[in-house]
Amino acid sequence: MKQPHSLFALPVVCLLVLTAACGRAHEKPIGEVVDQALASAAEQSLRMAAKYESDSLALPRSYADGQDVSSDSRWWCSGFFPGLLWYLYENDPRPELLAYARQYTARVEREKYNTHTHDLGFMLYCSFGNALRLTADTACREVLLTGARSLSSRYNPSIGLIRSWDHTNGGQWQYPVIIDNMMNLELLFWAARESGDASFRDIAVSHADHTMEHHFRPDFSTVHVVSYDTVTAMPHARQTHQGFADGSAWARGQAWGLYGYTVAYRETGDRRYLEQAVQIARFLLSHPNMPGDYIPYWDFNAPGIPGELRDASAGAIICSALIELSGYVDDVLSAQYLRVAEKQLRTLASPQYTAEPGANGDFILMHSVGHLPGGSEVDVPLTYADYYYVEALTRASRIPSLGGK
Ligand code: GLY
């Protein structure tokens, strides 16, 4: 009885293997996808840069209902467009990209004195950090060190964390810390190395350790906001602000955690942070609600999945983080992360997410979600989606299995 079954099965298996191989053979090589995506991102971003050139305070933020939305440097996203221009310049060192990168970076400088936000890493390290990396312009060093001191002023040693927001959500929070805050530690790690002042590093390590202890659930998903009791230094509230529910896994929050612990490992070599990043990646990549193209819904527990909105920004952040993390893990995990990143890049570079030239308010990617419960920036382009997408493309362009050199 076995023989006829096997004889029948063999051609079917061959046909399936051949069909899969042909499908892949028709796929454009990933290296070409990356190169073309970077080239069209540069053209789109040059249009954006020209649009705001004469408004010396403006930085692109989003595009909604057919209207451009910009901000001044105070908005937490002010560093992303300058940073994006630096990545584009790194890939294609054209004088106009350099001139715009410098011009838009200068617009963010005054934030170095801002002690009212934890977002100084986003604002200054994406802009001035990339400027310093690519031009060795020593003036950037002073801006970044001043910014690092401003950020450190928000650290309370008896709690062991940097305070994220000044407000208390109508008295509900004593000392709010959000998972996003992990992204601002890279500036402090840099400042410790650059200045020789270990206190910057101590603050970053303490913040990362306390966040690891109190933000994460047993499955390695993360809460958005943990508020600490200022007397006991212990959490008194675990809530969401931009996610679906206090107990849910808001997609961008998970992405910030993955990226943040990957950086913390790179900067310290502490394997606890590597393990944390690997566990967060496992949570994300094995989640039953993670779509096959790995661009997540805006919240993994959003009640209407599969009818819920995707968040391209979370997809781009996860993609960039996975490419970096692939360099720190064993071959099997590394190959898995790069397969996922390739899928994400192909999806984001497709017309499903990449806008037509000159459309989408001159942003590169469509379909991100800023703050859905607040009814703000829902299914729109967002400057940080573009930043982390171009960072991921840049990283991919150096990875041989992603077509890089
Ligand atoms: N840091 C704010 C956000 O991720 O929306």
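Just above sits the structure.
Predicted model, so just to flag it, every value in this text is computed and none were measured.

Structural notes on the overall build of the protein
In step 1: Secondary structure assignment for the protein yields 13 helices and nine strands.
In step 2: For a compact globule of 405 residues, the expected C-alpha radius of gyration is about 22 Å, and the protein comes in at 22 Å, within 12% of that figure.
In step 3: With respect to the three principal axes, the spread of C-alpha positions in the protein is 75 × 50 × 45 Å.
In step 4: If you take every contact in the protein between residues at least 6 apart in sequence, the share linking residues at least 24 apart comes to 65%.
In step 5: Summing over all exposed atoms, the protein offers an accessible surface of approximately 16,500 Å²; the carbon and sulfur share of this is 56%.
In step 6: Separation of charge centres in the protein, based on 33 positive and 45 negative side chains, amounts to 3 Å.

Let's talk about the sheet that holds strand β6 (residues 225–228)
In step 1: The three strands lie next to each other as β5-β6-β7, forming an open sheet whose pairing is antiparallel. Two strands in the sheet have a free side with no partner beyond their single neighbour: β5 (176–178) and β7 (235–239). Ignoring strand direction, the axes of neighbouring strands in this sheet form an average angle of 25 degrees.
In step 2: Most of the contacts of helix α8 (residues 198–214) go to β6, to which it runs at about 105 degrees, and overall it touches β5, β6 and β7.

Quick word on the side chain of His-118
In step 1: Mapped onto the elements of the fold, His-118 is located in the loop between α4 (95–106) and α5 (120–135).
In step 2: Looking at His-118, its side chain comes within polar contact range of the side chain of Asp-119, at 3.1 Å.
In step 3: Not counting the four nearest positions on each side in its chain, His-118 is found in contact with Leu-151, Arg-154, Ile-162, Arg-163, Ser-164, Trp-165, Ile-178, Asp-180, Asn-181 and Asn-184.

Looking at α8
In step 1: Its 17 residues give α8 an end-to-end C-alpha distance of 24 Å, which sits within 8% of 24 Å, the value for a rise of 1.5 Å per residue.
In step 2: For α8, the full list of buried residues reads Phe-200, Ile-203, Ala-204, Ser-206, His-207, Ala-208, Thr-211, Met-212 and His-214.

Notes on the packing of aromatic side chains
In step 1: Inspection of every chain in the model, using the stated rule, returns 23 aromatic pairs.
In step 2: Seen in terms of ring centroids, Trp-76 and Phe-122 are 5.2 Å apart; in terms of plane orientation they differ by 65 degrees. Their pairing is edge-to-face. Remark: Phe-122 occurs in helix α5 and Trp-76 occurs in the loop between β2 (67–71) and α3 (80–91); sequence separation between them is 46 residues.
In step 3: When the ring of Tyr-100 is compared with that of Tyr-104, the centres are 6.3 Å apart and the planes differ by 50 degrees; the resulting orientation is tilted. Placement of the pair is Tyr-100 and Tyr-104 together in helix α4, with a separation of four residues, close to one helical turn.
In step 4: Classification of Tyr-100 by relative accessible area gives buried; the value is 12%.
In step 5: Overall, the relative accessible area of 0% leaves Tyr-104 in the buried class.

Remarks on the nonpolar core
In step 1: Residues Tyr-261, Ile-323, Tyr-388 and Tyr-389 are the most contacted members of the largest nonpolar core, which totals 122 residues.
In step 2: In contact with Tyr-389, other than residues within four places in its own chain, are Ala-37, Ala-316, Leu-345, Leu-348, Ala-349, Thr-354, Ile-364 and Leu-365.

Topic: the packing of α8 against helix α10 (residues 271–285)
In step 1: Where α8 contacts α10, the two axes come as close as 12 Å, and the packing angle between them is 45 degrees. Between α8 and α10, the angle falls in the class oblique. The element α8 and its partner α10 pack so that their crossing is left-handed. Side by side, α8 and α10 meet where Val-205, Ala-208, Asp-209 and Met-212 of the first sit next to Arg-272, Tyr-273 and Gln-276 of the second.
In step 2: The class makeup of the residues in the contact of α8 with α10 is four nonpolar, one polar and two charged.

A look at the pattern of salt bridges
In step 1: For the coordinates displayed, the defined rule picks out 28 salt bridges.
In step 2: Asp-362 serves as the salt-bridge partner of Arg-47, at 3.9 Å between the closest nitrogen and oxygen. Here Arg-47 is found in helix α2 (residues 30–51), whereas its partner Asp-362 is found in the loop between α12 (331–349) and β8 (368–371), with 315 residues between them in sequence.
In step 3: With a relative accessible area of 10%, Asp-362 lands in the buried category.
In step 4: Asp-362 is the partner of Lys-51 in a salt bridge, and the nearest nitrogen-oxygen pair spans 3.1 Å. Within this pair, whereas Lys-51 is found in helix α2, its partner Asp-362 is found in the loop between α12 and β8, the two being separated by 311 residues in sequence.
In step 5: We classify Lys-51 as partly exposed; its relative accessible area is 30%.
In step 6: Connected through salt bridges with shared partners, the residues Glu-186, Arg-193, Arg-266, Glu-267, Glu-324, Glu-391 and Arg-395 form a single ionic network.

Cut-offs applied
Within each chain, residue numbers correspond to sequence positions counted from 1 in written order. With the structure being a predicted model, the display of local features is reserved for residues of pLDDT at least 70 and the display and counting of side-chain atom pairs for 80 or more, all residues being used for whole-chain, interface and lining totals. Processing note: side-chain calculations cover all non-hydrogen atoms of the structure and skip hydrogens and water entirely. Secondary structure is summarised from DSSP: a helix means a run of H or I of at least four residues, a strand means a run of E of at least two, and numbering begins at the N terminus for each. Between the two quantities, the radius of gyration covers C-alpha atoms and the globule rule is 2.2 Å times the number of residues to the power 0.38. It only takes one pair of heavy atoms within 4.5 Å for two residues to be counted as in contact. Computed by Shrake-Rupley with a 1.4 Å probe, the accessible areas treat only the displayed protein chains as cover when residues are assessed. Counting rule applied: Lys, Arg positive; Asp, Glu negative; His and chain ends not counted. By convention, charge coordinates are those of NZ in Lys, CZ in Arg, CG in Asp, or CD in Glu. Two strands make a pair as long as DSSP finds a minimum of two bridges between them. To obtain an axis, a line is fitted to C-alpha atoms, over the contacting stretch when the element is a helix, and the angle between two such axes runs from 0 to 180 degrees between their N-to-C directions. Polar contact is the term for a pair of N or O atoms within 3.5 Å; when the atoms are in protein, one must be able to donate a hydrogen and the other to accept it, and sequence-neighboring residues count only if both atoms are side-chain atoms. Each helix should span, by expectation, one fewer than its residue count multiplied by 1.5 Å. Buried residues are those whose accessible area, probed at 1.4 Å on protein chains only, stays under 20% of the maximum for their type, while exposed residues exceed 50% and partly exposed ones sit between those limits. Only Phe, Tyr and Trp rings take part, Trp by its six-membered ring, and two of them pair if their centres are within 6.5 Å. Stacked means planes under 30 degrees apart, edge-to-face means over 60, and tilted covers everything else. Side-chain atoms within 4.5 Å are what join buried Ala, Val, Leu, Ile, Met, Phe, Trp, Tyr and Cys residues into a set we call a nonpolar core. An angle below 35 degrees is treated as roughly parallel, one above 145 as roughly antiparallel, one from 65 to 115 as roughly perpendicular, and anything else as oblique. In this scheme, a crossing is called left-handed if the near helix is turned counterclockwise away from the far one by less than a right angle; it is called right-handed if the turn is clockwise. Residues are grouped as follows: Ala, Val, Leu, Ile, Met, Phe, Trp, Tyr, Cys and Pro are nonpolar; Asp, Glu, Lys and Arg are charged; every other residue, Gly included, is polar. A carboxyl oxygen of Asp or Glu within 4 Å of a side-chain nitrogen of Lys or Arg is what we treat as a salt bridge.

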